[in-house]
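Here's the letter readout for the chains.
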Amino acid sequence: STLSCRGLAKAAKAVLVPLEKGDMASAREALSHIVGRQTSKLEEEEIVRATVETVAENTSDGVIAPLFYLFLGGVPLAMAYKAINTLDSMLGYKNDRYKDFGWASARLDDFANFIPARLTALLMVAVAFILKMDWRQAWRIMARDNSNHPSPNAGWPEAATAGALGVQLGGENSYPGRVEQRPYIGDAKNKLNPDAISACLRIMYFTSTLMVSGSLFLC
């Protein structure tokens, strides 16, 4: 109940499958269930970008962080982390409704994810080496672009993923009532196509496996 590895993969594949078939409407609809931005007008490259960003960020929030707290303090600590993360997802929004009483949830989540986010990024660099991706670029982009994100933590796994895949994340995101221009993460060496989603999922699976293996070894 604290891990979302399978759920994250299922959500990403719900976008990937129609995208590979050229069914943009279904891909946009599936994407709208996992991101907060508006998806109704996104083209393939932007759909892929949003999916890769979501998988990369949630590899930390939904998999590595709960594993980290599970091995640190058992099921109670893992459940406590999940409660904090869920509160942030429900209340930590910068809008008129949530900006005041959602602030505490967002700051607590930032604190809880400080170590796991950086650990996730380092594991992703190792995974890039194992999968014979560009691990040097993953390290370089992680070090260079980790702060190019509104979150103090999400930029770490996103930057490592962008470097490993040789793609560029960030840019313009449209939300209800506003458009947000985010700094870019990574270099656009490769095109953001459906293969990037599949590669990102492989990184997620191997990062999870490496975390479990390493934790059991240390125990």
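Quick caveat: nothing in here was measured; it's all calculated off a predicted structure.

S.K.: Sorry if this is basic, but what is going on with the packing of helix α1 (residues 5-20) against helix α8 (residues 194-218) here?
M.R.: A pair of packed helices can be characterised by two numbers: the angle between their axes and the separation between those axes. The contact between α1 and α8 brings their axes to 10 Å, and the two run at 165 degrees. By the angle between their axes, α1 is roughly antiparallel relative to α8. Where α1 crosses over α8, the two elements pack in a sense that is left-handed. Where α1 abuts α8, its residues C5, L8, A9, A12, K13, L16, L19 and E20 lie against P194, I197, S198, L201, M204, Y205 and S208. Per-class residue counts for the contact of α1 with α8 are 11 nonpolar, two polar and two charged.

S.K.: Hey, could you run me through the packing of helix α6 (residues 135-145) against helix α7 (residues 155-165) in this one?
M.R.: Remark: α6 packs on α7, axes separated minimally by 7 Å, with the N-to-C direction vectors making an angle of 145 degrees. Handedness of the crossing formed by α6 with α7: right-handed. In this structure, α6 uses Q137, A138, I141, M142 and D145 to contact α7, whose residues at the interface are G155, W156, A159, A160, G163 and A164. Of the residues in the contact of α6 with α7, the class split is seven nonpolar, three polar and one charged.

S.K.: Which parts of the structure should I look at to understand the packing of aromatic side chains?
M.R.: All chains considered together, the criterion is met by three aromatic pairs. Here Y69 and Y81 contribute two aromatic rings whose centre-to-centre distance is 5.4 Å and whose plane-to-plane angle is 15 degrees, an arrangement assigned as stacked. Under the relative-accessibility criterion, Y69 is labelled buried at 14%. By the ring-pair criterion, three or more aromatic residues cluster together here, those being F68, Y69 and Y81.

S.K.: Can you walk me through the environment of M211 in this structure?
M.R.: With respect to the secondary-structure elements, M211 resides in helix α8. Among the residues examined, M211 registers a relative accessible area of 7% and is labelled buried. The sequence separation of M211 and T120 amounts to 91 residues, and the corresponding C-alpha distance is 8.5 Å.

S.K.: Looking at this structure, how should I read the environment of V167?
M.R.: Residue placement: V167 occurs in the loop between α7 and β1 (169-175). Residues V167 and I185 lie 18 residues apart in sequence; the distance between their C-alpha atoms is 8.4 Å. In this view, V167 contacts A162, I185, G186, D187, A188, N190, K191 and L192; residues no more than four positions away in its chain are not counted.

S.K.: Could you clarify how one ought to interpret the pattern of salt bridges in this entry?
M.R.: Opposite charge on two side chains lets them pair, provided their charged atoms get close. Inspection of every chain in the model, using the stated rule, returns 10 salt bridges. A salt bridge links E180 to R178; the shortest N-O distance between them is 2.8 Å. Since its relative accessible area comes to 40%, R178 is described here as partly exposed. Among the charged side chains, a salt-bridge network with shared partners connects R37, E46, R49 and E53.

Here is what the cut-offs are and how they apply
Residues numbered from 1 in each chain as written. Predicted model: local features only at pLDDT ≥ 70, side-chain atom pairs only at ≥ 80, totals over all residues. Heavy atoms only, no water. Axes fitted to C-alpha atoms, helices over the stretch in contact; angles between N-to-C directions. Helix = DSSP H or I, 4+ residues; strand = E, 2+ residues; numbered from the N terminus. Parallel < 35°, antiparallel > 145°, perpendicular 65-115°, else oblique. Left-handed = near helix turned anticlockwise from the far one by under 90°. Contact = heavy atoms within 4.5 Å. Nonpolar A, V, L, I, M, F, W, Y, C, P; charged D, E, K, R; others polar. Phe/Tyr/Trp six-rings, centres within 6.5 Å; stacked < 30°, edge-to-face > 60°. Buried < 20%, exposed > 50% of the residue type's maximum accessible area, 1.4 Å probe, protein only. Salt bridge = Lys/Arg side-chain N within 4 Å of Asp/Glu carboxyl O.

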